[in-house]
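Residue-level listing of the chains:
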Amino acid sequence: WNGVSWSGGNPNSTLNVVINGNYTVGINTPAANLNCRTLTVNAGATFTVSSGYYMDIWNGNFINNGNVVFQSNTDVVLRTGIVINNSGASNFVFEDSSAMIQLTNIQQTTPVTIKRSTKSLKNFEYTYWSTPVASTFTNTFPPQQNSNAVYTYQYPTPLPLNGWILQQTPSTMTLGKGYAIRGQWCSPYPSCFVTAPQAQHTMSFVGIPNNGNISYTSNSTNEIHLIGNPYPSSLD
């Protein structure tokens, strides 16, 4: 793709595709989901997948030397390969509700940015989180938290928390472990508190996406466990 047209015919699952000019799946020809054997985005080019579309890479890697954006409600399926992002994590972005799906256990090696958004939250309302990338720190979640805003669950612990364990911040999130993280703080309490949802917050997970077999053991004894999906896609 040279920014205007394809030089070797429309892409299909047997062709190695090179993006040498700006291209948007769902807008440029063909205005449909993109299938290719491998995909390389050259320096200076921006490759975008529009909301509601997906791409399927059948037999190799997705190599980025430019910029890549997956808008919300998009997917990339990597049947045999991985993402090789040579442009830095900020130049390979998965927006909220997009997914990277791998069909093998091959480990990723380069970082990307994966965004996930909350619903609209009330003051002090909690959201359950889990990290889809390696080495995420608990103090990076928006909005800026104070020192008693992140909890995990392990029963028994003494009242009044009754199973909830306050986490030190910053600390590295454990893959597969669930975290309850508080939203907007206000002061002075309780006069500042309102019951209507106030804001939606987006977390940017920056790092190497998780893949392969991941295990986490919960030691709770009351058959209630807080675990989380450690992958950049939904679970089957």
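For the structure, check the block above.
Residues numbered from 1 in each chain as written. Predicted model: local features only at pLDDT ≥ 70, side-chain atom pairs only at ≥ 80, totals over all residues. Heavy atoms only, no water.

Chemist: Which parts of the structure should I look at to understand the sheet that holds strand β8 (residues 67-70)?
Modeler: One key point about sheets: their strands pair by backbone hydrogen bonds, in either a parallel or an antiparallel sense. Taken in spatial order, the six strands make up an open sheet running β2-β5-β8-β11-β13-β18, and their pairing is mixed. Whereas interior strands pair on both sides, the edge strands pair on one side only; in this sheet they are β2 (23-25) and β18 (202-207). The average undirected angle you get between the axes of adjacent strands in this sheet is 15°. Judged from the three bridges that link them, β2 and strand β5 (residues 46-49) form a sheet pairing that is parallel. By the bridge assignment, Thr 24 is partnered in β5 with Thr 48. (Pairing = 2+ DSSP bridges. Helix = DSSP H or I, 4+ residues; strand = E, 2+ residues; numbered from the N terminus. Axes fitted to C-alpha atoms, helices over the stretch in contact; angles between N-to-C directions.)

Chemist: It is not clear to me how the pattern of salt bridges should be interpreted in this structure. Could you clarify?
Modeler: Pairs may arise between side chains of opposite charge once their charged atoms sit close together. Here the structure, examined in full by the defined rule, presents three salt bridges. Between Asp 56 and Arg 79 there is a salt bridge; the shortest N-O distance is 2.8 Å. With Asp 56 in strand β6 (residues 54-57) and Arg 79 in the loop between β9 (75-78) and β10 (83-85), this residue pair connects regions lying 23 residues apart in the sequence. (Salt bridge = Lys/Arg side-chain N within 4 Å of Asp/Glu carboxyl O.)

Chemist: Please clarify how the environment of Ser 87 should be interpreted in this entry.
Modeler: Inspection of the secondary structure assignment puts Ser 87 in the loop between β10 and β11 (92-94). With 123 residues separating them along the chain, Ser 87 and Asn 210 place their C-alpha atoms 19 Å apart. Among all residues touching Ser 87, those that are not within four sequence positions of it are Asn 64, Asn 65 and Gly 66. At 3.1 Å, the side chain of Ser 87 and the backbone oxygen of Asn 65 are in polar contact. (Contact = heavy atoms within 4.5 Å. Polar contact = N/O pair within 3.5 Å; in protein donor to acceptor, adjacent residues only side chain to side chain.)

Chemist: Please explain the packing of aromatic side chains as it appears in this structure.
Modeler: The way to describe two aromatic rings as a pair is by their centre distance and the angle between their planes. Following the criterion strictly, the structure yields 16 aromatic pairs and no others. A centroid spacing of 6.1 Å and a plane angle of 90° characterise the contact between Phe 47 and Phe 62, whose relative ring orientation is edge-to-face. With Phe 47 in strand β5 and Phe 62 in strand β7 (residues 62-64), this residue pair connects regions lying 15 residues apart in the sequence. Phe 62 gets classed as buried once you look at its relative accessible area, which sits at 0%. Taken together, a centroid distance of 6.1 Å and an interplanar angle of 65° make the contact between Tyr 126 and Tyr 151 edge-to-face. In this pair, Tyr 126 is assigned in strand β14 (residues 126-129) and Tyr 151 in strand β15 (residues 150-153), connecting sequence segments 25 residues apart. Among the residues examined, Tyr 126 registers a relative accessible area of 35% and is labelled partly exposed. The lysine or arginine in question, Arg 79, covers the ring of Trp 58, its NZ or CZ lying 3.8 Å from the ring centre. (Phe/Tyr/Trp six-rings, centres within 6.5 Å; stacked < 30°, edge-to-face > 60°. Buried < 20%, exposed > 50% of the residue type's maximum accessible area, 1.4 Å probe, protein only. Lys NZ or Arg CZ within 6 Å of the ring centre and 35° of its normal.)

What is shown is where atoms sit, not what they do.
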